[in-house]
Structure formats: structure tokens, C-alpha cells
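Architecture and fold: a report
Listed here are the chains, written in short residue letters.
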Amino acid sequence: MTTRKHEVPEELLSSLLANYKKPEDLIGEDGLLKQLTKLLVERALDAEMTEHLGHDKHEPVINAAGNTRNGRSRKTLKGEFGELPIEVPRDRHGTFEPQIVPKHQTRWNGFDERILSLYARGMTVREIQAHLQEMYGAEVSPSLISSVTDAVMDEVKAWQSRPLDAVYPIVYLDCLHVKVREGAVRVKAVYLAIGVTLAGEKEVLGLWLAQTEGAKFWLQVVTELKNRGVQDVFVACVDGLKGFPEAIEAVFPQTAVQLCLVHMVRHSLNYVTWKRRPEVAADLKRIYSAATVDEAERRLGEFEAKWDAEYLPIGQSWRRNWERIIPFFDFPPEIRKVIYTTNAIESVNYSLRKLTKHRGAFPTDEALLKLLYLALRNISKKWTMPIRDWKAALNQFTIRFEGRLLQR
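Here's what I pulled together on the structure shown here. (Residues numbered from 1 in each chain as written. Predicted model: local features only at pLDDT ≥ 70, side-chain atom pairs only at ≥ 80, totals over all residues. Heavy atoms only, no water.)

Along the polypeptide, Val 185 turns up in strand β4 (residues 184-196). The class for Val 185 is partly exposed, based on a relative accessible area of 49%. In the structure, Val 185 is positioned 177 residues away from Phe 362 in sequence and 8.8 Å away in space, judged by C-alpha atoms. (Helix = DSSP H or I, 4+ residues; strand = E, 2+ residues; numbered from the N terminus. Buried < 20%, exposed > 50% of the residue type's maximum accessible area, 1.4 Å probe, protein only.)

For the rest of this paragraph, the subject is the side chain of Arg 228. Relative to the helices and strands, Arg 228 is located in the loop between α8 (215-227) and β6 (232-238). A residue is classified by how much of its surface remains accessible, and Arg 228, at 8% relative accessible area, is buried. Only 2.9 Å separates the side chain of Arg 228 from the backbone oxygen of Gln 160, close enough to count as a polar contact. From its side chain, Arg 228 meets the backbone oxygen of Arg 162 in a polar contact 3.0 Å long. When neighbours within four sequence positions are excluded, Arg 228 is seen to be in contact with Trp 159, Gln 160, Ser 161, Arg 162, Pro 163, Leu 164, Leu 205 and Trp 208. (Polar contact = N/O pair within 3.5 Å; in protein donor to acceptor, adjacent residues only side chain to side chain. Contact = heavy atoms within 4.5 Å.)

A word on the nonpolar core. Where a protein is soluble and globular, its nonpolar side chains tend to be buried together. Ranked by internal contacts, the top residues of the largest apolar core, which has 43 residues, are Ile 170, Val 280, Leu 284, Trp 318 and Phe 397. The set of elements that each furnish at least two residues to this core consists of β3 (167-182), β6, α10 (261-269), α11 (277-288), α12 (293-320), α13 (322-325), α14 (333-340) and α17 (390-400). Per-element tally for this core: the top contributor is α12, with 7 residues. For Phe 397, the contacting residues outside a window of four places in its chain are Pro 169, Ile 170, Phe 234, Val 235, Ile 335, Val 338, Trp 390, Glu 402 and Leu 405. Core analysis: the second largest hydrophobic core is formed by 35 residues, Val 156, Trp 159, Val 204 and Ala 375 among them. (Core = buried A, V, L, I, M, F, W, Y, C linked by side-chain atoms within 4.5 Å.)

Relative to the helices and strands, Asn 378 is located in helix α16 (residues 365-380). It is 8.8 Å that separates the C-alpha atoms of Asn 378 and Ser 117, two residues lying 261 residues apart in sequence.

Once that is clear, we can look at the packing of aromatic side chains. The tally for this structure, following the rule as stated, stands at 12 aromatic pairs. Judged by centre distance (5.0 Å) and plane angle (85°), the rings of Trp 218 and Phe 244 are edge-to-face. Taken together, the residues span a long stretch of sequence, with Trp 218 in helix α8 and Phe 244 in helix α9 (residues 244-251) at a distance of 26 residues. Take Trp 218 and Phe 244: they sit in the same class, and that class is buried. Three or more aromatic residues joined by ring pairs make a cluster, and in this case those are Tyr 191, Phe 217, Trp 218 and Phe 244. We note Arg 277 situated over the ring of Trp 274; from NZ or CZ to the ring centre the distance is 4.2 Å. (Phe/Tyr/Trp six-rings, centres within 6.5 Å; stacked < 30°, edge-to-face > 60°. Lys NZ or Arg CZ within 6 Å of the ring centre and 35° of its normal.)

Rendered as C-alpha cells:
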């Protein structure tokens with residue numbers, strides 16, 4: 001029988017658990033795991049000091065500087081085990097630099113990640129503080145939590161300026177409206193760009209907090225994407241964003257700007273009672289699943305005849321935006337399917353709206369951006385597979401946009 005590396009001897013385990021009667025004896029405030037952690041950490045620190053000095057306790061001094069031990073200092077570590085007081089050995093020359101618990105460290109490895117995880121779920125600083133106290137018995141100040149989350153802003157800035165791919169067949173642009181407290185509570189627009197790569201994988205390209213929306217703002221966004229390496233976008237799906245088509249045409253003149261049908265359907269259903277939504281949604285699908293523009297227009301007329309009496313704004317909205325909707329029908333079914341896919345943006349929208357609704361008004365723009373970035377980081381970790389049927393769509397992109405793919 002082979003022995004696993006670092007396997008704890010059975011005799012030692014039996015000895016340690018000799019007095020075990022209930023879970024608290026093992027994982028409680030004064031349980032065995034916490035006591036063992038303290039003993040092992042302090043033993044490791046002593047071993048590091050021996051390595052640093054070159055001699056163990058009570059042994060002759062052999063280092064050239066004549067450096068020796070000089071008592072201990074106390075510090076308290078915070079972690080998922082609660083608060084853990086430990087004693088750290090000191091040396092006379094003050095040159096000892098512990099590795100397992102570095103100087104000035106007061107939080108156990110992984111504790112900051114726990115704070116960020118709770119923050120990314122939409123919990124406020126006060127809620128995180130109460131949760132850590134309740135779950136781990138660790139008293140953590142609001143300022144400590146804020147300092148941990150504030151450190152994320154450097155990561156946000158690096159992420160927002162990272163290089164991007166040269167080509168994105170599809171880019172979706174979406175908008176969230178969130179409340180920020182600036183003296184009075186103001187509603188701000190946060191724009192999110194999600195690209196589909198040549199491999200069919202979804203990627204969040206960036207976040208922008210708009211003080212004012214319009215052509216100037218969108219020119220700034222599109223120019224930023226180009227400066228970060230984007231050379232071509234085949235299709236840009238937008239939500240009727242004022243000034244965006246002009247900005248796209250100025251920076252990426254070959255890009256087809258398509259009003260996002262996902263958004264059109266979502267906005268249309270806002271007028272409809274829950275009971276009638278399935279029927280209205282099915283009739284809207286008859287419009288955008290039509291084979292040609294002419295058929296789609298006939299379907300729209302049939303929709304208006306059936307629903308205008310109850311939901312007049314829906315038909316009016318589709319008529320008003322018709323010129324931005326119909327480019328969709330120029331594409332073959334394989335490309336239409338991936339343009340319309342709801343997974344790329346709807347699941348992200350749902351998750352972010354759920355978080356921002358829970359938080360109410362944010363104290364600052366930075367607090368809002370931190371939460372959205374951390375939430376997006378968690379969401380994108382689940383994006384492990386390409387969009388369904390992507391290869392068929394890519395073949396069609398290759399034919400339709402001949403030369404724009406092959407030259408890369």
C-alpha cells in the first residue's frame with residue numbers, strides 16, 4: 001500500500017479526536033481546528049526564524065552579524081475561522097521577514113477574496129460586516145472592507161484599457177439605468193459592450209458611465225475600442241442609442257448597424273400583461289422570423305390589425321424603427337440566429353439588474369463600477385462554451401464579409 005505525500009498518521013488523528021463529541025469541539029470558536037492552526041502557524045514562524053538566523057533556540061550564534069531572537073510580538077489574523085491571535089518571533093536586528101504571515105498582514109489568505117465575493121453579490125459594506133461577524137465571528141471594520149473593495153479600482157482600470165481582438169463579428173451594446181447618490185439621487189446610464197469573438201466566445205469589452213448621451217459620447221466609446229486594437233466589427237446590435245450609428249460609421253464605416261431585436265421584443269412586452277405576453281411574443285416572432293423583408297412587413301401589418309386596439313404603442317414602435325430593423329433580413333438564417341441569440345446579453349442584463357435593484361442608490365460612481373466589474377467577472381467565468389451553432393454562422397460571415405476575415 002502506497003502512502004500519500006504528507007498523509008497524517010492514523011495514530012495522531014485518533015489522539016487529536018479522542019475528546020471529540022460534537023461539531024463545536026472541532027470547528028467552534030475554541031475548537032481543535034483553530035487551535036491547530038495557531039500552533040502550526042507559530043511553529044512555521046519559528047522554523048522560518050531558525051532558517052533566517054542559522055541556529056535554533058538555545059544553540060550557539062553562528063551568523064556573522066551576531067543576530068539572535070528577541071522575544072515575540074502579538075498580532076491578530078482575521079479569516080474564515082474568525083479572529084486568530086498569534087505570536088510572531090522577532091530578531092534583534094529587525095531583519096526577519098516572515099513568509100507565512102508577512103509583516104503588516106492582518107487578514108488570512110483568501111479573506112479579501114471572501115469580502116469581494118460578498119460585494120459582488122450586491123451586499124453593502126454594512127451587510128458584509130454583519131455577515132462576517134455572524135458566520136466567522138470576525139469583527140471587521142467598514143473601512144477595512146472599503147479598502148479591500150477600493151483596491152479593485154486598479155484592476156478595473158487595467159481591464160478597461162486591456163488590448164482587444166482585431167475583429168469581432170458581432171458587438172452588442174446595452175444600457176442599464178442605475179441610481180447614484182450625488183447630494184440628490186440621480187439616475188445614470190451605464191453602457192455595456194459585449195463582443196462575440198471569431199471563436200464564437202462572448203467577451204465583455206468594457207463599461208462606460210455616461211454623464212451625457214449622444215454622438216460625442218458614442219464617438220468616444222467607439223474610438224476607445226479602436227485604440228485598444230479593434231480594427232473591424234461586422235454587425236453592431238444597438239438599442240436605438242442616439243448618435244451611435246453616426247459614431248460607428250465615422251470609426252468603422254463598413255459595420256452594419258442593426259437595431260437589437262432582443263431589445264425591441266423586451267420593450268414591446270413591457271406594454272403587455274403577464275397573461276397575454278406569451279401570445280404577443282409569439283406574434284412578434286412571426287415578424288422577425290420572416291424569410292424576407294416583404295413577408296416581415298406583412299406580418300407586422302397582421303400584428304397591428306390584431307393588437308393595435310389593446311397595445312397601440314407596440315406597432316407604432318416597430319414602424320418608427322423599421323429602417324433600423326430590416327437590415328436583419330439581409331442576413332442568412334445562420335447569422336440571424338446568432339445575432340438574435342438572447343443568451344449573450346439577456347442573462348447578463350438579468351444578473352446585473354438584480355444586483356443593482358438590491359443595492360438601491362449607490363454612494364458614488366466608483367462604488368457602482370466596482371460592483372458591476374466584480375459581477376461581470378463572476379458572470380464571464382461561466383462563459384466556457386462558444387455560442388451554439390457558431391461554426392455555421394462563421395462560415396456565412398466568411399462568405400458575406402469576404403476578405404475582412406481572411407486577411408487577418
